[in-house]
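# Understanding the architecture of this molecule
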Amino acid sequence: MNKLCTLISLSITLLTQTTFAQDSREAATTEYMDAIAQRAGNRTLSPVDSAIASEGMSNGLQPDDLTPGYVIVDGDIQIRAEELESFLANPARAVFGTVNYWGGSTVPYDFAANVNATNQQNAINAMNAISALTGVVFRVRLGGDADWIRFNASTFNNSPVGRQGGQQIINIVSWGTQIIIVHEIYHSLGFWHEQSAPDRGTYVTINSGNICGSSTVPGNPCNAAVCNLCVDGAGTPISCAFNFNITAGAGLWGPYDFDSFMHYGRTAFTCNGGDTITVNPTWNAQWQSGIGQRTHFSLIDELSCRGIYPKVGDRWLRVGGSGSGGTFFNPFGGFSTAVLFTPLNGTLLIDPGTYSGVGTYTEAKTLRATFGTVTIGS
Ligand SMILES: [Zn+2]
């Protein structure tokens, strides 16, 4: 279905994954863009997640090699300490600042001295895997670069979310697992964890009774002092519940993605081996064992990143769109216009829906349905 020359009526179909949830997620961005007031007071440091074994975390330890001024939340996300303080002062908001993307889709990088040649190549391979599917351009840091990623060899995997300004550190221990490196790079590109999405309650249920710290009974396996997965700034065990916060900036586009490599596994932060995340009935049989995969790019992992960091010649079409530039954030709304303004040999990515498109088209352009059924007809 790729090269389009002349057509009268064309139907493009890909497997439909789930219901499109764009509207609720766009609404969430208003909250997400709000400024955050800082609060003096107690800083509650890092939850540290041993349950997400694939991300290489371990019990009771606080990394000391983060980007300066940052602490860990959600197992492997570096966040500014003052933002965590603000969140803890008002957990209902569950907003961790504004995500900044990388201008020109270009991400300069370098390596700390402790990253050996083999692991440098592992990181380069991970970056190449992202660039093969999206428009992100990684290149070695130049002297004039204001912002860059520094890969550091650590005993943990973690990264801040989005471009921070200046140097930001991606810590890696799992050098041998490419998708874990990709996962951490995705944080730096601006992605949160999938189950932090504002609408996650439709798709998954958090079982608070299985989260470390859910019991106050001394000696109970779910007493924070017994499971000891999360500690405060003084090293005292605390509940891990706040690793399950909703972050308004998470999951901004497309259907909820159980297959994402940005999703927690089913037993993240468990105190008793029980599931902390249950996939809701409609999707349970298919996905309960599948969430938390660290083996591949999901379709939405690929397309959401490609939307933010487009390939040359990419344009987007979405029902209800009215943009003149045809970008991911401001897509075209009409098929004929979208085809006309997609560059020669470019790709028009079409979100699910029915479009009126009868006509004659003579330039070579690629049409690609994104994550659902696209029908083009009269
Ligand atoms: Zn993560």
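Residues numbered from 1 in each chain as written. Predicted model: local features only at pLDDT ≥ 70, side-chain atom pairs only at ≥ 80, totals over all residues. Heavy atoms only, no water.

Our focus in this paragraph is the coordination of the zinc ion. Distances from the zinc ion to its protein donors, Asp76 (OD), Asp76 (OD), His183 (NE2), His187 (NE2) and His193 (NE2), fall within 2.0 to 2.2 Å. Written as a sequence motif, the donor residues of the zinc ion are D-x106-H-x3-H-x5-H. Note that aspartate 76 is positioned in the loop between β3 (70–73) and β4 (77–80) and histidine 193 in the loop between α4 (178–189) and β10 (204–206), a separation of 117 residues in sequence. Classification of histidine 193 as buried rests on a relative accessible area of 0%. (Donors = N, O, S within 2.8 Å, 3.2 Å for Na, K, Ca; no water. Helix = DSSP H or I, 4+ residues; strand = E, 2+ residues; numbered from the N terminus. Buried < 20%, exposed > 50% of the residue type's maximum accessible area, 1.4 Å probe, protein only.)

With that settled, consider the nonpolar core. Counting 37 residues, the largest nonpolar core has Ile130, Phe151, Ile185, Tyr186 and Leu189 as its most contacted members. Those elements that provide at least two residues to this core are β5 (106–111), α3 (117–133), β7 (148–153), β9 (167–172), α4 and α7 (299–308). Examining the composition of this core, we find that six residues originate from one element, α4, more than from any other. Those residues in contact with leucine 189 that lie beyond four places of it in its chain are Tyr101, Trp102, Val107, Ile130, Val136, Gly162, Cys305 and Tyr309. Counting 33 residues, the second-largest nonpolar core is a separate cluster that includes Val73, Ile77, Val99 and Tyr256. (Core = buried A, V, L, I, M, F, W, Y, C linked by side-chain atoms within 4.5 Å. Contact = heavy atoms within 4.5 Å.)

Tallied over the full model, the rule gives two disulfides. For cysteine 212, the disulfide goes to cysteine 227, at an S-S distance of 2.0 Å. One disulfide, between cysteine 212 and cysteine 227, carries an S-S torsion of 90° and so falls in the right-handed class. You can see cysteine 212 sitting in the loop between β10 and α5 (224–227) and its partner cysteine 227 sitting in helix α5, a full 15 residues away along the chain. With respect to burial, cysteine 212 and cysteine 227 carry one shared label: buried. Covalently, cysteine 222 is tied to cysteine 271 through a disulfide, its sulfur atoms 2.1 Å apart. Looking down the S-S bond of the cysteine 222 and cysteine 271 bridge, the torsion is 75°, so its handedness is right-handed. With a gap of 49 residues between them, cysteine 222 in the loop between β10 and α5 and cysteine 271 in the loop between α5 and β11 (277–279) connect regions that are remote in the sequence. (Disulfide = S-S within 2.5 Å.)

In this section: the side chain of asparagine 152. Summarising the element assignment, asparagine 152 is placed in strand β7. Contacts of asparagine 152, omitting those with residues within four sequence positions, involve Asp65, Ala112, Asn114, Val115, Ile169, Ile170, Asn171, Ile172 and Trp175.

So, on to the sheet that holds strand β8 (residues 159–160). The strand order across the open sheet formed by three strands is β3-β4-β8, and the pairing between neighbours is mixed. This sheet does not close on itself; its edge strands, each paired only once, are β3 and β8. Alignment of β4 against β8, held across two bridges, turns out to be parallel. Paired with glutamine 78 across the two strands is proline 160, which belongs to β8. (Pairing = 2+ DSSP bridges.)

Per the stated rule, a full pass over the model turns up 22 aromatic pairs. Pairing tyrosine 264 with phenylalanine 269 gives two aromatic rings, centres 5.7 Å apart and planes at 50°, and the pair type is tilted. An aromatic cluster is present here, built from Tyr101, Tyr309, Trp316, Phe328 and Phe329 joined pairwise through their rings. Over the ring of tryptophan 148 we find arginine 141; its NZ or CZ atom is 3.5 Å from the centre of that ring. Positioned above the aromatic ring of phenylalanine 328 is the side chain of arginine 318, whose terminal nitrogen or guanidinium carbon lies 5.6 Å from the ring centre. (Phe/Tyr/Trp six-rings, centres within 6.5 Å; stacked < 30°, edge-to-face > 60°. Lys NZ or Arg CZ within 6 Å of the ring centre and 35° of its normal.)

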